[in-house]
Amino acid sequence: MFTRFVASRTAFLLRRKGSVIVFFAFLAMALMNFIGNVTEFQGRDVVSMVQPMRLLLLSYSRTDYDATNTLLFTQLYPLLVVCPAGFAHAREKNLGADLYFVSRIGRKKYLAGSLTAGFFATAIACAAPFLIEVALNCLSFPLNAANDMRWSYYDPDYIAGVRNYFMHGLYLVSPYLYAVAGTLFFGFVSGLLGAFTEACSMLARVKYHVTLFLPVFVLLNASLILGGSAGPDEPSVLWYDFLLLFDYNAKRMGAFAAALFLLVLFSACAAVYSGRKDTL
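Caption draft 1: Up close: the overall build of the protein chain. The helix and strand inventory of the protein chain stands at twelve helices and zero strands. Starting at the N terminus and ending at the C terminus, the protein chain contains elements arranged as α-α-α-α-α-α-α-α-α-α-α-α. Expected size for 280 residues packed as a compact globule is a radius of gyration near 19 Å; at 20 Å, the protein chain falls within 12% of this value. In the protein chain, which comprises 280 residues, the proportion classed as buried is 46%.

Shown next, in the form of structure tokens:
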């Protein structure tokens, strides 16, 4: 019953307006980036061609050439990631629709299933457009192209930068495997943020849904504030340094892992507390 509820609710959330808007917004940004790459690099010899995965919208390496699309993405992401599932529980609670699901599967399973489905719906809606871009780049650019936009492969700075890649071991195996895994990880983190927003709505009745944009927006911008106050030689805590591919900046991986753990812990505790509170 629980598995069927999660599957059906995930499918329901993916059909809702929020998920559709997010999917096509990210797809439009990815296609705009792809068309710009095709226009810029058409006819270039494979010897001088940039490695295709470095041209992706999620690639930090692309900012060495043009940061416009990446800047647009980082500005819109804190708002778009909330839309697929963040408002679902608040809407159902305000309408009283949650009572129907509670009567069928129980409150605890309903809350746990809502968070799980919110995670999957957000992850799919956010990651799918960029997986499409990965496929388009593989079809449109020479797969044996290997250049970096900034350094040569023999530059010591390039070697040091690669060591700072998140999951750099996968990159050493294959940049294509690295790009796919990195995009899936982007979807995973997006799913956690979507579930976190829904968990916030479980703690109290939300009258104005627009306020649910605040938790993720504040959380992500807190990393920007902390990053801005850090010294130039300190490892980064900026959220996009962990999510963008080919990011050569040193990172505080321990802090990032702790932040993900706290997101999971908060969401689980919010669901447990809400379930107990409403049944006392």
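Caption draft 2: Structural context of the pattern of salt bridges. Under the defined criterion, the tally for this structure stands at three salt bridges. Put simply, E234 and R252 hold a salt bridge, and the shortest N to O gap is 3.6 Å. Placement of E234 in the loop between α10 (214–229) and α11 (239–243) and of R252 in the loop between α11 and α12 (253–279) is noted, with a sequence separation of 18 residues between them. Residue K251 pairs with D247 through a salt bridge whose shortest N-O separation is 3.4 Å. Overall, the relative accessible area of 12% leaves K251 in the buried class.

Caption draft 3: Highlighting the side chain of N33. One can find N33 in helix α2 (residues 17–41). What makes N33 buried here is its relative accessible area of 0%. Within the structure, N33 has its side chain in polar contact with the backbone oxygen of L55 (distance 2.8 Å). In this view, N33 contacts L55, L56, L57, R62, N69 and E133; residues no more than four positions away in its chain are not counted.

Caption draft 4: Just the nonpolar core, in detail. F26, F73, Y77, F130, F186, L193 and L243 are the most contacted members of the largest nonpolar core, which totals 60 residues. It is helix α9 (residues 175–203) that contributes the most residues to this core, twelve residues altogether. Not counting the four nearest positions on each side in its chain, Y77 is found in contact with F26, F186, V189, S190, L193, L220, W239 and L243. By size, the runner-up hydrophobic cluster in this structure holds seven residues, among which are M49, V50, F141 and A145.

Caption draft 5: The arrangement of the packing of aromatic side chains in detail. Inspection of every chain in the model, using the stated rule, returns 30 aromatic pairs. Considering the side-chain rings of F119 and F120, the 5.2 Å spacing of their centres and the 70° angle between planes classify their relative orientation as edge-to-face. You can call F120 partly exposed: its relative accessible area is 38%. Taken together, the ring pairs connect F26, F73, Y77, F130, F186, W239 and Y240 into an aromatic cluster.

Caption draft 6: Main features of the environment of R15. As for its position among the elements, R15 is in helix α1 (residues 2–15). Among the residues examined, R15 registers a relative accessible area of 60% and is labelled exposed. For the pair R15 and L245, spaced 230 residues apart in sequence, the C-alpha separation works out to 29 Å.

So, how was this worked out
Residues numbered from 1 in each chain as written. Predicted model: local features only at pLDDT ≥ 70, side-chain atom pairs only at ≥ 80, totals over all residues. Heavy atoms only, no water. Helix = DSSP H or I, 4+ residues; strand = E, 2+ residues; numbered from the N terminus. Rg over C-alpha atoms; globule rule 2.2 N^0.38 Å. Buried < 20%, exposed > 50% of the residue type's maximum accessible area, 1.4 Å probe, protein only. Salt bridge = Lys/Arg side-chain N within 4 Å of Asp/Glu carboxyl O. Polar contact = N/O pair within 3.5 Å; in protein donor to acceptor, adjacent residues only side chain to side chain. Contact = heavy atoms within 4.5 Å. Core = buried A, V, L, I, M, F, W, Y, C linked by side-chain atoms within 4.5 Å. Phe/Tyr/Trp six-rings, centres within 6.5 Å; stacked < 30°, edge-to-face > 60°.

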